[in-house]
Amino acid sequence: MYICQQRLYNYRNFNNSQWQFRSGINVLYGNNGVGKSNILEAIDYVINKASFKTTNRLNLIKYKEKYSLIQLQIKDNNSSKINNLDVEIRTDKEDEKLRINQKRVTKTELSQFFISSIYTPILVNVVYNGVTSLRSFLDNAIIELKPKLFLDYKNLKDLLYQRALILKTFDFNKPQTNDIFHQITKQYIKTAAKICFYRLAFLKKILPLINKFYKLLNNSADDITIDYISRYINLTNDNLVSETQITNNLTKILDGVFIQEKSAGQNLIGPHRDKIVFMSNSQPISVIFSTGQTQIFCLALILAIHELKTKQNLSYKPSDILLLDDILASLDNTTIVKLFKLLSNYNQVFITNALKLDIYKLTKLTFKEEINELQIK
Ligand SMILES: Nc1ncnc2c1ncn2[C@@H]1O[C@H](COP(=O)(O)OP(=O)(O)O)[C@@H](O)[C@H]1O
Ligand SMILES: [Mg+2]
């Protein structure tokens, strides 16, 4: 399954525009500001109902207009049947109207055709903006892979809030306070240990994939490793710590820091305080990688998460789509050639670039299918 056509009506800078796409690699080129990223955003929006640029869907509607429409025509690689997917976003309605072949459908029904992942240069912020942004990026990826954990993350947030409130405002001379605090702490430890366990399992799975893609694109690359810095987990050996072990450690350490937590009025220990740092040669990559290498790392991270998403056991069989915004500008020619070789294995890829590339000259490759180079004006 692939997207063979997209129409954007009153979407961002577009009045009413339409493009044809192929399966395999599509390169969209054109001057800054013509709307290339908006095209990728719209594709991602139909598949994931989220934008990488904004959390306010009203930003997607063209200025001064009342509604916008994203229409995708999708086609099976082996049959001529075409399905129409569309999303209508209105200023006067809370929800989008989602349709397949003109019939209203739910988010889940619309999402079953494709799995998509998007790379954007803004991702480097995840590396540079410190541990909190990287941790929440990875937590979001974990939730995307295991949606059931969303509730656990929400619980953790609620429990942290309640626990901090008790620490800050309650009188611990009253026996009820101790009881409530004890109960909340117990629930907190349980949820925290679960999240921590899944986080570690995810990191263990993703690390070899990141290294695989990073090295594919960057020959002389050193190993990338992960430092998980936490006061209740000691990751000295390579084995996965069990949930029970994490629970025990956390219980013990929380007992020890009670006085500190009470005087600070804060939760001092837990998954919200753990640090995840990507390292190379025992240094954080944020301090040693070049900007280009950091972009390649971020691309490797996205490709790794994408691989986990596509390898999941789902009852339906979605096709995969990669959306790569402005990746080429930061890559040298050798890396671009390697990237195109790698991308020729994917079902459908969209790459944006400001300049027209003569891909054939550059790659000297013969692809199964031609690369679709499309000028956006
Ligand atoms: N809601 C909107 N209404 C009209 N124009 C918009 C809207 N949102 C963004 N734009 C315009 O879209 C353009 C940016 O498009 P973008 O896809 O980022 O360009 P590029 O081709 O460089 O990737 C900007 O010129 C911006 O003014
Ligand atoms: Mg752009």
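In what follows, the structure referred to is the one given above.
Quantities reported herein were computed from a predicted structural model and do not represent experimental measurements.

## Quick word on the overall build of the chain
If you tally the helices and strands in the chain, you get 12 helices and 14 strands. Taking the principal axes of its C-alpha atoms as reference, the chain extends roughly 70 × 55 × 40 Å. Taking as baseline every contact in the chain between residues at least 6 positions apart, the subset at least 24 positions apart corresponds to 71%.

## Quick word on the site of ligand 1
In the region of ligand 1, 15 residues are neighbours, and Asn13, Gly33, Lys36, Ser37 and Asn38 sit closest. The element that contributes the greatest number of residues to the shell around ligand 1 is helix α1 (residues 36–48), accounting for three residues. Across the shell around ligand 1, the residue classes break down as three nonpolar, nine polar and three charged.

## A few points about the environment of Ile210
Structurally, Ile210 can be placed in helix α6 (residues 175–217). In this view, Ile210 contacts Ile224, Ala300, Leu301 and Ala304; residues no more than four positions away in its chain are not counted.

## A few points about the pairing of strand β12 (residues 319–324)
Direction of pairing for strand β8 (residues 114–119) relative to β12: parallel, over a ladder of six bridges. Bridge assignment links Phe114 to a residue of β12, and that residue is Ser319. Summarising the sheet, β12 and strand β13 (residues 348–353) pair through four bridges and their orientation is parallel. Note on β13: the bridge partner recorded for Leu322 is Val349. Viewed along the sheet, the connection from β12 through helix α11 (residues 333–343) into β13 turns out right-handed.

## Quick word on the nonpolar core
The biggest cluster of nonpolar side chains holds 64 residues, and the ones touching the most others in it are Ile43, Val46 and Ala300. The element best represented in this core is helix α10 (residues 291–310), accounting for 10 residues. A domain-level breakdown of this core finds at least three residues from each of domain 1 (2–113 + 318–375) and domain 2 (125–288). Every residue in contact with Ala300, bar those within four places of it in the chain, is listed here: Ile210, Phe213, Tyr214 and Leu217.

## Points about the pairing of β13
The side chains of a regular strand alternate, residue by residue, between the two faces of the sheet. The buried fraction of β13 is high, at six of six residues. The two faces of β13 match: Gln348, Phe350 and Thr352 on one face and Val349, Ile351 and Asn353 on the other face are all buried. By the bridge criterion, six bridges tie strand β3 (residues 24–29) to β13 in an arrangement that is parallel. Looking across to β13, one finds that Asn26 is bridged to Phe350.

## Digging into the environment of Lys204
Within the fold, Lys204 resides in helix α6. Remark: the alpha-carbon pair of Lys204 and Val337, spanning 133 residues in sequence, is separated by 29 Å.

## Brief notes about the sheet that holds β8
In a beta sheet, neighbouring strands pair by backbone hydrogen bonds and run either parallel or antiparallel. Taken in spatial order, the five strands make up an open sheet running β8-β12-β13-β3-β14, and their pairing is parallel. Two strands bound the open sheet, and with one partner strand each, they are β8 and β14 (372–375). Sheet twist, expressed as the average angle between the axes of neighbouring strands with direction ignored, equals 15°.

## Things to note about the sheet that holds strand β5 (residues 82–90)
Taking strand neighbours across the sheet as the criterion, the six strands line up as β2-β1-β4-β5-β6-β7 in an open arrangement whose pairing is antiparallel. Sheet topology places β2 (14–20) and β7 (103–104) at the edges, where each strand pairs with a single neighbour. Strand direction decides the pairing type here: β5 and strand β6 (residues 97–100), joined by four bridges, are antiparallel. Paired with Val87 across the strands is Leu98, a residue of β6. Sheet strands in contact with α1 are β1 (2–11), β4 (67–75) and β5, and its direction is about 110° off that of β1.

About the cut-offs
Residues numbered from 1 in each chain as written. Chains lettered and ligands numbered in written order. Predicted model: local features only at pLDDT ≥ 70, side-chain atom pairs only at ≥ 80, totals over all residues. Helix = DSSP H or I, 4+ residues; strand = E, 2+ residues; numbered from the N terminus. Contact = placed C-beta atoms within 7 Å. Near = placed C-beta within 6 Å. Nonpolar A, V, L, I, M, F, W, Y, C, P; charged D, E, K, R; others polar. Pairing = 2+ DSSP bridges. Right-handed = clockwise from strand over helix to strand, strands pointing away. Core = buried A, V, L, I, M, F, W, Y, C linked by C-beta atoms within 7 Å. Buried ≥ 20, exposed ≤ 12 C-beta atoms within 10 Å, placed from the backbone. Domains from an automatic or database assignment. Axes fitted to C-alpha atoms, helices over the stretch in contact; angles between N-to-C directions.

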